[in-house]
Amino acid sequence: MAGSARAVVIGGGIGGLAAGAALHRRGWEVTVLERAPSLAPVGAAISLAPNALRALDVLGIGDEIRELAAWQGDGGLRTPSGRWLSRGDAAAATARFGDPLVLLPRATLIDRLAALLPPGGVRTGTVATVVDPGDAGRPARVRGGPADADDPTAHEELEAELVVGADGINSRVRTALFPDHPGPVYAGFTTWRVLIPLPGVAFASHETWGRGQLWGTHPLQDGRVYAYAAAVTPAGGRAPDDERAELLRRYGDWHHPVPAVLAATRPEDVLRHDVHHIATPPPAYHAGRVALLGDAAHAMPPTLGQGGNQAVEDAVVLAHHARDLAAYTAARLPRTTAIARQAVRIARVNMAGGRAAVAVRDTAMAALSRLGPALFLRGFDGIADWRPPYAAGDVQLGEPQGRDT
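Because the structure is predicted, anything quoted here is derived from the model rather than measured. Residue indices begin from 1 for each chain and proceed along its sequence in written order. In keeping with the model being predicted, local features are shown solely for residues with a pLDDT of at least 70 and side-chain atom pairs are shown and tallied solely at 80 or more, while totals for entire chains, interfaces and linings include all residues. Heavy atoms from the whole structure form the basis of all side-chain values; hydrogens and water molecules are not counted.

**Q** What is the right way to look at the environment of Ala231 in this model?
**A** Under the scheme used here, helices are H or I runs from DSSP no shorter than 4 residues and strands are E runs no shorter than 2 residues, and both carry numbers assigned from the N terminus. Mapped onto the fold, Ala231 is located in strand E16 (residues 224-232). The sequence separation of Ala231 and Asp274 amounts to 43 residues, and the corresponding C-alpha distance is 9.7 Å. What Ala231 contacts, discounting residues up to four positions off in sequence, is Gly188, Phe189, Thr190, Trp192, Gly212, Gln213, Arg250, Tyr251 and Met351. Contacts are assigned to residue pairs that have any heavy atoms within 4.5 Å of one another.

Quick look at the structure:
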């Protein structure tokens, strides 16, 4: 009998769930396989730029995400002493790109995306391996089973017209498709993230650049505060006591509200992760019937805030080109490669450590600020103004054909 074409998505993060939702919306039978025991995300918050919001429009949840926007007033770039290098505001960004910047907990976005999938569409605690990428004449095959099962007979094989590798920066799917690819490299710095309540503390949203270190503090609509830090340090490092103590040593004398944030933070609230990125793009974002998406394809430093945004873009473009993966690669590889390289260049600037380099950087930032916010926003031209390849709500283009089962 005829049935929907089947897609298997390996990875239940933001990109994987968005891809599953986009494909399901276009008539595919979707199964998402996630290795972790639950969809609870590793990470505190995510910033969604206008480009990602328009991709979420395709999934039907753009407006409800826009309603979570918290940044309404002034913000900008500061020095550790508190001096403002530049000022900006949400209205200017919205006017230029047609949408706000929305900062929200990752868990909120994960929940919204998962709700778009049918009951039983997500299997957690499942390890998945691409056994055969397939080709034009045969489906791809994926072996999946319980993450804690030693018995290979506990695993089953799934056939699919499309497999999506959304399994992160250390993607096993990428390695299976391109075994000679060098994989991720260390970006030269580590990050800390905190998401906590901070009642009664008023501040303007900001990012602060120091010497080889930075800090950001931003309010969320639910009353919590998202704070993050980064520092140039050797890979694999850990605090001798705890990571809150490490943050106190590095940032405890920085301007308000940094000390207040640290005073309200418990050691268990702090997440620390070294930053890696894919410096050499894969030769393609597909092979056979398998496509790579998100960090599995183009992991980048967080300095543009575009990692998750590009994964959501990937998802709706992949759904559009699900029957022509070469077109998907052609649409996504040049764009994401350019954005990833721009993120690396920005990291070299905001993580600069030499006194002379920092002085030149800060002077340049202040001078640009005096020329108006449009010069800063211009750096996001070609990124934040992206639009999906088909209109929101259009689920007919690329509708999969039935298959015999």
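Alright, that's what it looks like, and here's the rest.
**Q** Sorry, what's going on with the environment of His206 here?
**A** Take His206: it is sitting in strand E14 (residues 205-209). C-alpha of His206 to C-alpha of Leu371: the two residues are 165 residues apart in sequence and 19 Å apart in space. Excluding anything up to four places from it in sequence, His206 contacts Gly76, Arg78, Trp84, Trp215, Gly216, Thr217, His218, His255 and Pro257. Two N or O atoms count as a polar contact when they lie within 3.5 Å, although within protein this holds only if one can serve as hydrogen donor and the other as acceptor, and sequence-adjacent residues are included solely when both atoms are side-chain atoms. Within polar-contact distance, the side chain of His206 engages the side chain of Thr217 at 3.0 Å.

**Q** What am I meant to see in the layout of surface pockets here?
**A** Here the idea is plain: a probe the size of a water molecule rolls over the atoms and shows the empty space left. As defined here, a cavity is a set of points on a 1 Å grid over the protein atoms alone where a 1.4 Å probe fits but cannot get out. A pocket is an open set with protein on both sides within 12 Å along at least five of seven lines, and residues line them when an atom is within 4 Å of a point. Grid points are joined across faces, edges and corners, and a volume is the space filled by probe spheres set on the points. By volume, the second largest pocket is sized at about 160 Å³. The wall of the second largest pocket is formed by Asp135, Ala136, Glu161, Leu162, His286, Gly288, Arg289, Ala322, Arg323, Asp324, Leu325 and Ala326. Amino acid classes used here: Ala, Val, Leu, Ile, Met, Phe, Trp, Tyr, Cys and Pro are nonpolar; Asp, Glu, Lys and Arg are charged; the rest, including Gly, are polar. For the lining of the second largest pocket, the per-class residue count stands at five nonpolar, two polar and five charged.

**Q** How do you make sense of the sheet that holds strand E8 (residues 122-123) when you look at a structure like this?
**A** Hydrogen bonding along the main chain pairs the strands of a sheet, whether they run parallel or antiparallel. When DSSP finds at least two bridges between two strands, those strands are taken to pair. Judged by pairing direction, the sheet is mixed, and its six strands sit side by side in the order E8-E3-E2-E12-E19-E18 without closing on themselves. Every other strand in the sheet has two partners, leaving E8 and strand E18 (286-287) as the edge strands with one partner each. When strand E2 (residues 6-10) meets strand E12 (residues 162-165), the two strands line up parallel, connected through four bridges. The residue bridging Ile10 from the neighbouring strand is Gly165, located in E12. An axis is simply a line fitted to the C-alpha atoms; with a helix, the fit covers only the stretch in contact. Between two such axes, the angle follows the N-to-C directions and lies from 0 to 180 degrees. Packed on one face of the sheet, helix H1 (residues 14-25) meets E2, strand E3 (29-33), E8 and E12 and runs near 170° to E3. Helix H11 (residues 325-350) rests against E12, E18 and strand E19 (290-292) of the sheet, and its axis sits at about 10° to E19.

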